[in-house]
Structures are given as C-alpha cells and as structure tokens.
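What follows is the residue order along each chain.
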Amino acid sequence: MTQAHAELVRANELAPSLADDAATILAGLTAPQKRLSPKYFYDEAGSQLFDAICELPEYYLTRTEHAIMERHLDEMAALIGSGTAVIEFGSGSSRKIRQLLDRLDGPLAYVPVDISEDYLSSMAGALARDYPALQVLPVFADFTRPFDLPAFSVLPSRNLVFFPGSTIGNFEHEQARALLEVMRHEAGPGGALLIGVDLQKDPSVVHAAYNDGAGVTAAFNLNVLRRLNAELDATFDLDGFRHEAIYDEREGRIEMRLVSLRSQRAMVADRVIDFSADEHIVTEYSHKYSQEGFETLARSAGLEPTRAWHDSRGLFSVQYLTVPD
Ligand code: AVI
C-alpha cells in the first residue's frame, strides 16, 4: 500500500456532524409530520448496531444477499469482466466487498464512498493491507450528490458501482431515481451497477425483520436521539420514546418510527420541540420492490436492466444494470 492508497479524498462539501445539519434537522422536527433522515443513524455506535442487525435471525436481507452472491458470483464476474474499478456507495460492511473482490478477475481499484470518516478509513486501511495489488482509494463524500472520482494510476477497463444491502430501499422513489442517476454518472458510459434490492413478500416476514426479538433494531432507532443529545445539545429522554416499525402494504415499505410515550418537550439546539402522547417521528422508510417495479425505476434513470438474480424463496435480489455507451 502506498501513502496515496491510504489517503482519504474529500470529494464534496458535506455535513459530518449533526451540528452542521442543524437547520435541516430542525425543519424535519418542526414539520407537521416530524421526520429525521435515516442518514443520521450512522455514527460509530449506529454503524455497530447496524452490523449487529445484519446478524439477527429475523433480518433475512444480509444473509440472503450473501447466499445469492455466493451462488452466482462466477456469472457476475464473467459479466463484469477484468480490470474493473469497483466504486462502493456507502461502504457499510467490508465483508460484502471482500466476497466480490475475491471472485472478480483482477480488479484494479476499490473506491469506498462514505460519510462515516472513522469507519471508512479503518475499513479502507484493512482492505489495502489484505489486497496489496489493489488501489484502495476511499472517498469521504455524500454519495447522493455527484463527486469526483480519485485519479487511478492505471485506467480501469470499466467502473462498477456496487451498492449492496438494499440501501436503495431507504430512498423514496424520486430520490432513488436521482441516486441511480448519480450512479450512472459515476459508472460512466459502458459502466455497470450491481445493486442489492429487497423484494416484496409476505408482510409478516418483513415485519419480523424490523421488529426483532432481541431489540437491536429498537436500539438502532433510538440511537439517533442519543446522537441528537450528544451532538446538538438536545434533551430527549430516551426512555420517553419507543421503536415502531410497520409495513405499509400499499406503499410496499416499512415505516420506522420513534413514538412518544407521553406528552413531553425536548430542546434541540435551543428550539423547543413538543410531542403529544403517541405522536411519532418518521425515522426511515425501507422500500421493497417487485422485479418489474425496480426495472421501471432503473430505466427511468437511464439504466438498462441486464440480469437479476433471486433466491429460491424470492426474498431478495441482486440486480445488474448497465450504462449505455
Ligand atoms: C441500511 N438499510 C438497507 C437497512 C434496511 O433494512 O432498510 C436499515 C435498517 N433499518 C432497520 N433495520 C435495518
């Protein structure tokens, strides 16, 4: 690993701490329907809780995606080809990228893009150590907006955007389309996208995945209030809220909420936020797609759905989309 390989690139202006995003957060908390963006879940504690969620028996997503990848990686690698630069949007778990890198034919570079700087640099450092032939070029950026790719010392044959885990589901449809357009831009003409997408299924299976028996998802959800207290001088009583996740079948999405257990008041950055009993903050949507619905979305972003792999129960999918030349 050379020094340049380990160096973190700051690609665009972004808000690493909640204090920098105070205006947006306050706008969400003072709207008629209180909202917080799910991007605020992922401080260090939140990222660790999310890793724990991925191990839960009820949370089928990670396990099923892993199995689909294991089963079809040879075909995926053949489609992707050799000498690729893999650009991972939101480099959440290095396990997934290792699974891909281990099977690709001579990948040239790995570009993890994330807003969690600590997580990004420790993960990128470990990968650079374990894959000495690979250029590991982390980019510290908000991947929802176009960013500059780092300079490659050798030009890759193509760019592959890797976005596992069904994080695309956490974006509302219009935002998801815009994000796919950013990915199309970063992949460039002739490039490709490999995206994990959770599928519509029996609502009870989805419901269980977001209401686990061990309460890890609840802790993950409530962690955002702890973060607001720590970073925005907020005064949320963490025992005054409960986790709720309901599956909205009409919208095909999980809606995750923090429900106020009583009428109460919290200060957030010197602003008073009042809650009535049972009032909730929406903290996350997690959309589930049909194969057809996802293809329509991809086409609307100028992408060509080329191949999709599903598990035998139809729980999850991995989608391969290409960028026209
Ligand atoms: C990151 N994302 C795909 C997860 C999901 O399933 O929507 C976040 C999550 N929220 C609750 N559990 C997991």
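Everything that follows concerns the structure shown earlier in this document.
Calculation rules
- Residues numbered from 1 in each chain as written.
- Predicted model: local features only at pLDDT ≥ 70, side-chain atom pairs only at ≥ 80, totals over all residues.
- Heavy atoms only, no water.
- Helix = DSSP H or I, 4+ residues; strand = E, 2+ residues; numbered from the N terminus.
- Rg over C-alpha atoms; globule rule 2.2 N^0.38 Å.
- Buried < 20%, exposed > 50% of the residue type's maximum accessible area, 1.4 Å probe, protein only.
- Contact = heavy atoms within 4.5 Å.
- Lys, Arg positive; Asp, Glu negative; His and termini not counted.
- Charge placed at Lys NZ, Arg CZ, Asp CG, Glu CD.
- Salt bridge = Lys/Arg side-chain N within 4 Å of Asp/Glu carboxyl O.
- Pairing = 2+ DSSP bridges.
- Near = heavy atom within 4 Å.
- Polar contact = N/O pair within 3.5 Å; in protein donor to acceptor, adjacent residues only side chain to side chain.
- Areas by Shrake-Rupley, 256 points an atom, 1.4 Å probe, with all protein chains shown as cover.
- 1 Å grid on protein atoms, 1.4 Å probe; cavity = no way out; pocket = protein on both sides within 12 Å on 5 of 7 lines; lining within 4 Å.
- Sits in = over half its atoms within 2 Å of the grid points.
- Nonpolar A, V, L, I, M, F, W, Y, C, P; charged D, E, K, R; others polar.
- Expected span 1.5 Å × (residues − 1).
- Bend = angle between axes of the 7 residues up to and from the residue.
- Axes fitted to C-alpha atoms, helices over the stretch in contact; angles between N-to-C directions.
- Parallel < 35°, antiparallel > 145°, perpendicular 65-115°, else oblique.
- Left-handed = near helix turned anticlockwise from the far one by under 90°.
- Phe/Tyr/Trp six-rings, centres within 6.5 Å; stacked < 30°, edge-to-face > 60°.

Chemist: Just checking my understanding: could you explain the overall build of the protein chain for this structure?
Modeler: What the protein chain contains, in helices and strands, is 10 helices and 14 strands. Computed over the C-alpha atoms, the radius of gyration of the protein chain is 20 Å, within 12% of the 20 Å expected from 2.2 N^0.38 for a compact globule of 325 residues. Considering only C-alpha atoms, the protein chain reaches an extent of 60 × 45 × 35 Å along its principal axes. Scored against the burial criterion, the 325 residues of the protein chain give a buried share of 54%. Across the protein chain, the fraction of contacts at a sequence separation of at least 24, relative to all contacts at a separation of at least 6, is 73%. Counting 29 positive and 48 negative side-chain charges, the protein chain places the averaged centre of each group 2 Å from the other.

Chemist: Please clarify how the pattern of salt bridges should be interpreted in this entry.
Modeler: When the charged atoms of two side chains with opposite charge come close together, those side chains can pair. Taken as a whole and judged by the stated rule, the model has 21 salt bridges. One salt bridge connects R103 with E70, and the closest N-O pair in it is separated by 3.5 Å. Note that R103 is positioned in the loop between helix 5 (94-101) and strand 3 (109-114) and E70 in helix 4 (residues 60-80), a separation of 33 residues in sequence. We classify R103 as partly exposed; its relative accessible area is 30%. With a relative accessible area of 36%, E70 lands in the partly exposed category. In this structure, D198 and K288 form a salt bridge, with 2.8 Å as the shortest nitrogen-oxygen distance. Here the residue D198 occupies a position in strand 7 (residues 192-198), and K288 occupies one in the loop between strand 12 (280-287) and helix 10 (291-300), the gap between them amounting to 90 residues. K288 shares its class with D198; the two are buried.

Chemist: Can you walk me through the pairing of strand 10 (residues 264-268) in this structure?
Modeler: For a regular strand, the rule is simple: side chains alternate between the two faces of the sheet. The side-chain alternation of strand 10 yields one buried face, formed by Q264, A266 and V268, and one unburied face, formed by R265 and M267. Taken together, the five bridges between strand 10 and strand 11 (residues 271-275) define a ladder with antiparallel strand orientation. In the sheet register, M267 faces strand 11, and the bridge partner there is V272. Once strand 10 ends, the chain turns through two residues before running back antiparallel as strand 11, passing A269 with a positive phi of about 45 degrees.

Chemist: How should the site of the ligand be read in this particular structure?
Modeler: Surrounding the ligand, one finds 15 residues, the nearest of these being Y59, N170, Y210, E284 and S286. In the model, an oxygen atom of the ligand is placed 2.5 Å from a nitrogen or oxygen of the Y59 side chain. In the model, a nitrogen atom of the ligand is placed 2.6 Å from a nitrogen or oxygen of the E284 side chain. Coverage of the ligand by the protein amounts to 98% of the 340 Å² it exposes when considered alone. The cavity that encloses the ligand is the largest pocket. Every element with two or more residues in the shell around the ligand is listed here: helix 3 (44-54), helix 9 (216-232) and strand 12. A class-by-class count of the residues in the shell around the ligand yields eight nonpolar, six polar and one charged.

Chemist: Explain helix 4 to me, please; I cannot follow it from the model alone.
Modeler: Because an α-helix packs 3.6 residues into every turn, residues spaced three or four apart end up facing the same way. The end-to-end C-alpha distance of helix 4, which contains 21 residues, comes to just 26 Å, noticeably less than the 30 Å that a straight helix rising 1.5 Å per residue would cover. Residue H72 marks the point of greatest curvature in helix 4, where the axis turns by about 70 degrees. What helix 4 keeps buried is the set Y60, L61, T62, T64, E65, I68, M69, H72, L73, M76, A77 and I80.

Chemist: Is there a simple way to explain the packing of helix 5 against helix 6 (residues 117-130) in this structure?
Modeler: Packed helices, taken two at a time, are described by their axes: the angle between them and the distance between them. As a packed pair, helix 5 and helix 6 sit with axes 11 Å apart at the nearest point and diverge in direction by 25 degrees. In terms of their interaxial angle, helix 5 and helix 6 are classed as roughly parallel. By crossing handedness, the relation of helix 5 to helix 6 is classed as right-handed. Contact with helix 5, carried on its side by S94, I97, R98 and L101, involves M123, A126, L127 and D130 of helix 6 and no other residues of that element. Across the contact of helix 5 with helix 6, the residue classes break down as five nonpolar, one polar and two charged.

Chemist: In this structure, what is going on with the packing of aromatic side chains? I would like to understand it.
Modeler: Note on aromatic pairs: each is described by the distance of the centres and the angle between the planes. Applying the stated rule across the entire model yields 15 aromatic pairs. Between Y42 and F50 the ring centres are 5.9 Å apart and the planes differ by 85 degrees, which places this aromatic pair in the edge-to-face class. Classification of Y42 as partly exposed rests on a relative accessible area of 29%. Judged by centre distance (6.1 Å) and plane angle (65 degrees), the rings of F236 and F275 are edge-to-face.

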